[in-house]
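Geometric and topological summary
Read off the chains here:
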Amino acid sequence: MDIYQLLRSYLETALRQRALKSPWTYRVLRQAVAARRKSFSWQAAHSLLLHTIDQAAAAFLQKGPVIWHNVFFPTEVLYGLGVIPFAPEAAAVAATGLGIAAKALQQAEGDWVSGETCTFHRLAYGCDRLGYFPRPSGVVCSSHLCDTAPQSLAAAAAYHGVPFYLLDVPHQQDAAALSYVARQLKTITFSMVESLNLTWDEGRLQQALVNSNAARERLMAINNLRQKRPACIRGEEAHSFIYLMLAGFGAAATVAVYEELLNQLERSYRKNEPAVPEEKARVVWLHLKPYYPNEIFQILEQEAGIIIVCEEMNHVYWEPLEPERPFYSLARKVLSHHGLGPISRRIEAVLAMTESYKADGVIHFAHWGCRQSAGAIRLLQEALREKGISFLNLEGDCIDQSKYAPGAVRTRLEGFIEMLLT
Ligand code: SF4
């Protein structure tokens, strides 16, 4: 089923009337989605959607302080503070599904937001100015990986007249960097406690880290299963759960969703229920995918039997956290990201993924405006080719449908499929 079609049908009038701020909207939406559980192939995807609706309701109805964050900020801090996290880049994906992307991008363009800027941020800007986002009480942002987020989120904080907290992450991973990041995390946390008049609860922060570890364990178990042949879940389906990596770590609901996915996946592997009738090759997907209707996964997985077995964004790159040392271990998590520092770290991580998942190829979706992902891709390509792994750099835009050329994409995918199968 097209869940966005369902959401649109409920929100079409609502969007016009700004009823995103009405409890009625979420009640109706929740009931409608809850009644459709059987139409979801993966029950965890259904639970995730319900959880997302609840989170959106809490944010739009301002059930507590709403803190905007970029997708690389350690959300354990926010769940530990008991505030309502809201990720504008992730919300931009929902805006795309709800069909308001063109209007929001137009708003950004009209306000002279550079067309060179990543569309996630341009779209978030437009949605915010059009009143589709909940008002923040504060904004936090990490400087690592994404060079657009700090400027974009600082501008949003200034627009709303709320405090902005930047986590400055150095490129080194040594002891000095660790203590520098840990100290900042502590300062940001206590500054929010003070400026938002929150009640400090150390136990709640520790619980957020316990939840994070439990989610991590389940995700690792899911990823281990996906290393087996044949794959029992298609990459297109697994992509839906990336949201949790970007906005859900620290929440108890994230543990429950992964647990449900793990249980269903274990059953599928036990019963040997392959994702496609004949698995012909296995591929690792780097960066994100386009979030508007497109044929990419249909062509790869359903038509050609080329299964996406691993997504870079679902890769567990950090060690377990230590709840009794929250800031130190969250700093270690931030600094562990394979995309931070020299490109050799990302290359090493991608090569390890291809080995663990026995992948024959790698597709990198080069999203327009994302320098962290597309930069130095040539070096990655060379490293993969040396290992005999086919590589496709698929250029496009995750959000802006007007940049999608179905014919050209099909031609490039068919060339890649041919390379994989010969
Ligand atoms: S796609 Fe790249 S530039 Fe855009 S938000 Fe993500 S990391 Fe930042």
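Residues numbered from 1 in each chain as written. Predicted model: local features only at pLDDT ≥ 70, side-chain atom pairs only at ≥ 80, totals over all residues. Heavy atoms only, no water.

For the protein chain, the name recorded in an unreviewed UniProt entry is R-phenyllactate dehydratase subunit alpha, with Neomoorella humiferrea as its organism. Taken verbatim from the UniProt record of the protein chain, the Sequence similarities (unreviewed entry) comment is "Belongs to the FldB/FldC dehydratase alpha/beta subunit family." (UniProt positions renumbered as here; feature names shortened; annotations may be inferred.)

Regarding the overall build of the protein chain
Within the protein chain one finds 19 helices and eight strands. Relative to the 2.2 N^0.38 estimate, which gives 22 Å for 422 residues, the radius of gyration of the protein chain is 21 Å and therefore close to what a compact globule would have. The burial tally for the protein chain puts 57% of its 422 residues in the buried class. Contacts spanning at least 24 positions in sequence make up 77% of the contacts within the protein chain whose residues lie at least 6 apart. Of the side-chain charges in the protein chain, 42 are positive and 42 negative, and the distance between the mean point of each set is 5 Å. (Helix = DSSP H or I, 4+ residues; strand = E, 2+ residues; numbered from the N terminus. Rg over C-alpha atoms; globule rule 2.2 N^0.38 Å. Buried < 20%, exposed > 50% of the residue type's maximum accessible area, 1.4 Å probe, protein only. Contact = heavy atoms within 4.5 Å. Lys, Arg positive; Asp, Glu negative; His and termini not counted. Charge placed at Lys NZ, Arg CZ, Asp CG, Glu CD.)

Describing the pattern of salt bridges
With the rule as written, the count across this model stands at 20 salt bridges. Arg234 is the partner of Glu237 in a salt bridge, and the nearest nitrogen-oxygen pair spans 3.2 Å. Classification of Glu237 by relative accessible area gives buried; the value is 16%. Residue Arg410 is joined to Glu303 by a salt bridge in which the shortest nitrogen-to-oxygen separation is 3.3 Å. Here Glu303 lies in helix H14 (residues 296–303) and Arg410 lies in helix H19 (residues 406–421), a separation of 107 residues in the sequence. (Salt bridge = Lys/Arg side-chain N within 4 Å of Asp/Glu carboxyl O.)

Considerations on helix H13 (residues 252–270)
Since one α-helical turn is 3.6 residues long, residues separated by three or four positions face the same way. Compared with an ideal rise of 1.5 Å per residue, which puts 19 residues at 27 Å, H13 spans 27 Å between its outermost C-alpha atoms and is within 8% of the ideal. Of all the residues in H13, the buried ones are Thr254, Val255, Val257, Tyr258, Leu261, Leu262, Gln264, Leu265, Ser268 and Tyr269. Downstream of H13 by a residue or two, Asn272 has a phi angle that is positive, lying close to 55 degrees. (Expected span 1.5 Å × (residues − 1).)

Brief notes about the side chain of Asn211
Tracing the backbone through its elements, the reader meets Asn211 in helix H10 (residues 202–226). Looking at Asn211, the relative accessible area reads 13%, which means it is buried. Of note is the side chain of Asn211, whose polar atom sits 3.1 Å from the backbone oxygen of Gly250. Not counting residues within four places of it along the chain, the set of residues in contact with Asn211 comprises Gly250, Ala251, Ala252 and Val255. (Polar contact = N/O pair within 3.5 Å; in protein donor to acceptor, adjacent residues only side chain to side chain.)

A short note on helix H7 (residues 119–129)
Judged by how many residues are buried, H7 sits mostly within the fold: nine of 11 residues are covered. At its buried positions, H7 is contacted by strand S1 (66–69), helix H5 (88–97), helix H6 (101–110), helix H8 (149–160) and strand S7 (361–367). Positive backbone phi, approximately 85 degrees, marks Gly131, located one or two places after H7.

What to know about the sheet that holds strand S8 (residues 390–396)
Strand order in this open sheet of four strands is S6-S5-S7-S8, and the pairing throughout is parallel. In this open sheet, the two edge strands, each paired with only one partner strand, are strand S6 (306–311) and S8. Geometrically, the sheet is characterised by an average inter-axis angle of 30 degrees between neighbouring strands, direction not taken into account. Inspection of the sheet shows strand S5 (residues 281–286) paired to S6 by five bridges, in the parallel sense. In the sheet register, Ala281 faces S6, and the bridge partner there is Ile306. Each of S5, S6, S7 and S8 touches H14; the most contacted strand, S6, lies at about 115 degrees to it. Strand contacts of helix H16 (residues 343–356): S5, S6 and S7, with the helix running at about 155 degrees to S5, the strand carrying the most contacts. (Pairing = 2+ DSSP bridges. Axes fitted to C-alpha atoms, helices over the stretch in contact; angles between N-to-C directions.)

A look at the packing of aromatic side chains
Enumeration over the complete set of coordinates arrives at 13 aromatic pairs. Considering the side-chain rings of Phe249 and Trp318, the 5.4 Å spacing of their centres and the 85 degrees angle between planes classify their relative orientation as edge-to-face. Within this pair, whereas Phe249 is found in the loop between helix H12 (242–247) and H13, its partner Trp318 is found in the loop between S6 and helix H15 (326–335), the two being separated by 69 residues in sequence. Trp318 matches Phe249 in its accessibility class, with the two residues each being buried. Note on Tyr317 and Trp318: the rings are 4.8 Å apart at their centroids and 65 degrees apart in plane angle, and the pair reads as edge-to-face. Assessed through its relative accessible area of 24%, Tyr317 is described here as partly exposed. A connected cluster of aromatic rings, assembled from ring pairs, spans Tyr26, Phe60, Trp68, Phe86 and Phe133. Positioned above the aromatic ring of Tyr159 is the side chain of Arg129, whose terminal nitrogen or guanidinium carbon lies 3.7 Å from the ring centre. The aromatic ring of Trp318 is capped on one face by Lys333, whose charged end is 4.3 Å from the ring centroid. (Phe/Tyr/Trp six-rings, centres within 6.5 Å; stacked < 30°, edge-to-face > 60°. Lys NZ or Arg CZ within 6 Å of the ring centre and 35° of its normal.)

A closer look at unusual backbone geometry
With an omega of -10 degrees, the peptide bond running from Arg229 to Pro230 counts as cis. Examined against the element boundaries, Pro230 turns out to sit in the loop between H10 and helix H11 (235–239). Positive phi is not limited to glycine here, since Asn272 has a value of about 55 degrees. The backbone of Lys358 shows a phi angle near 50 degrees, a positive value even though the residue is not glycine. With respect to the helices and strands, the residue Lys358 is situated in the loop between H16 and S7.

Thoughts on the packing of H6 against H7
Where H6 meets H7, the axes come as close as 7 Å, and the angle between the chain directions of the two elements is 90 degrees. Between H6 and H7, the interaxial angle falls into the category roughly perpendicular. For the pair formed by H6 and H7, the contact residues are Ala101, Ala104, Leu105, Gln107 and Ala108 on the first element and Thr119, Arg122, Leu123, Tyr125, Gly126, Cys127 and Arg129 on the second. (Parallel < 35°, antiparallel > 145°, perpendicular 65-115°, else oblique.)

Brief notes about the environment of Glu322
Along the chain, the position of Glu322 falls in the loop between S6 and H15. Not counting the four nearest positions on each side in its chain, Glu322 is found in contact with Leu209, Tyr328, Ser329 and Arg332.

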